[in-house]
Amino acid sequence: MSEVIQDNGRTVYPIIVPTSSGLGSFNFYLVEEEGSVSLIDVGINTAKCWDFFNESLGSNGFSLEDLDRIIITHNHEDHVGLVDRIVSERDIPVYVPEHSIQRLKRDKDFFRMRIEFFARLYREMGCGETGEKQIEKLKAALGDHDKKKVQADLTPIESDPICGLKTIHTPGHSPDHLVFLDEEREWLFSGDLLIKHISSNALIEPDWEGNRLPTLLQHEQSLEKCRSFDVQVVFSGHGAPIENPKDLIEMRLEGIKKKAEKMLNHVKRGVDTASELGKTMYQGKYESQFSLVMSEIIGHLDYLEANGKITKEMDHGVWRYRAL
Ligand SMILES: [Zn+2]
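From a predicted model like this one, the values you see are computed outputs, not experimental measurements.

Reading the values: the criteria
- Residues numbered from 1 in each chain as written.
- Predicted model: local features only at pLDDT ≥ 70, side-chain atom pairs only at ≥ 80, totals over all residues.
- Heavy atoms only, no water.
- Phe/Tyr/Trp six-rings, centres within 6.5 Å; stacked < 30°, edge-to-face > 60°.
- Helix = DSSP H or I, 4+ residues; strand = E, 2+ residues; numbered from the N terminus.
- Buried < 20%, exposed > 50% of the residue type's maximum accessible area, 1.4 Å probe, protein only.
- Lys NZ or Arg CZ within 6 Å of the ring centre and 35° of its normal.
- Pairing = 2+ DSSP bridges.

Comments concerning the packing of aromatic side chains
All told, the structure shown has 13 aromatic pairs when counted by the stated rule. Aromatic side chains F110 and W208 sit 6.3 Å apart centroid to centroid with 40 degrees between the ring planes, which places their arrangement in the tilted category. Of this pair, F110 sits in helix α5 (residues 108-124) while W208 sits in the loop between β10 (187-191) and α8 (215-227); the two residues are 98 residues apart in sequence, bridging distant segments of the chain. With relative accessibility at 3%, the residue F110 sits in the buried group. Given a relative accessible area of 29%, W208 falls into the partly exposed group. Sitting over the ring of W187, R185 keeps its end group 5.9 Å from the ring centre. Across the ring face of W319, the terminal group of K312 is positioned such that the distance to the ring centre comes to 4.7 Å.

Okay, structure coming up:
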């Protein structure tokens, strides 16, 4: 849907850029109130997305000149893609979550620390060579950082609300993730916290000092937080808008529980390291989508541990899990 929604002086123009990937679409939103125009997220950096964005602006009677600001939900490249292109044509402020900045600016010290973090993590999770290969990839990617970093000036979001939208920190999918709530109209701009057709991944990440974040537990808490709001429409980062999201949130929470139970059964049968669980539960994907699989496994192990179902012990430098 790219249907325009209007309520009490505020209008949302969804910009839905289709993709053949499982994400369905890259969504961003033009929000207009009394002539003040904000963009919430700015898609991915491709010619298709740029053209689609300009066509959407035009067909809704806007041009780049009308834009007043960009507001970003989280640092992932499919949400910040067009920042530099837009700002080079129309110099407007770009508001981002405070903790997005070192990632978007590709802070070298932070990324070196992040590589050390993953090297140790994969070692301790028993990933061996597959983990080492992933670390080599991360090291090689450092070379692209100057090219990939966002050039535009970034302003941390410090005010709540911003443009009449309540700012809520919802870590889990990413540590910096924010959602924006229009309390009056009961609209929620959810970024990647809630997506209608797929469950969003809680990606393993370190905090700013290199400590591992319990990302799946954070994601669960963020979903629970959003369940407590009165929301009629969720404008999601991908796929279709979601009406009355409480059932979907319930389904996502239930999904976490079910996957954790499945994992618990494997642990009970003696599959006792994260890497072995990854191979057992995801087979070929363990190699082809290694970091995603490890996020899933480690996240659900955290969940089981926090719920008193399993415990772990370090054995020759590798964490071994067992059921309680
Ligand atoms: Zn994301």
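Considerations on the pairing of strand β14 (residues 318-323)
Relative to β14, strand β13 (residues 310-315) runs antiparallel, the two sharing six bridges. Residue pairing across strands places E313 opposite R320, the latter belonging to β14. Hairpin connection from β13 to β14: two residues lie between these consecutive antiparallel strands, with H316 at a positive phi of about 50 degrees.

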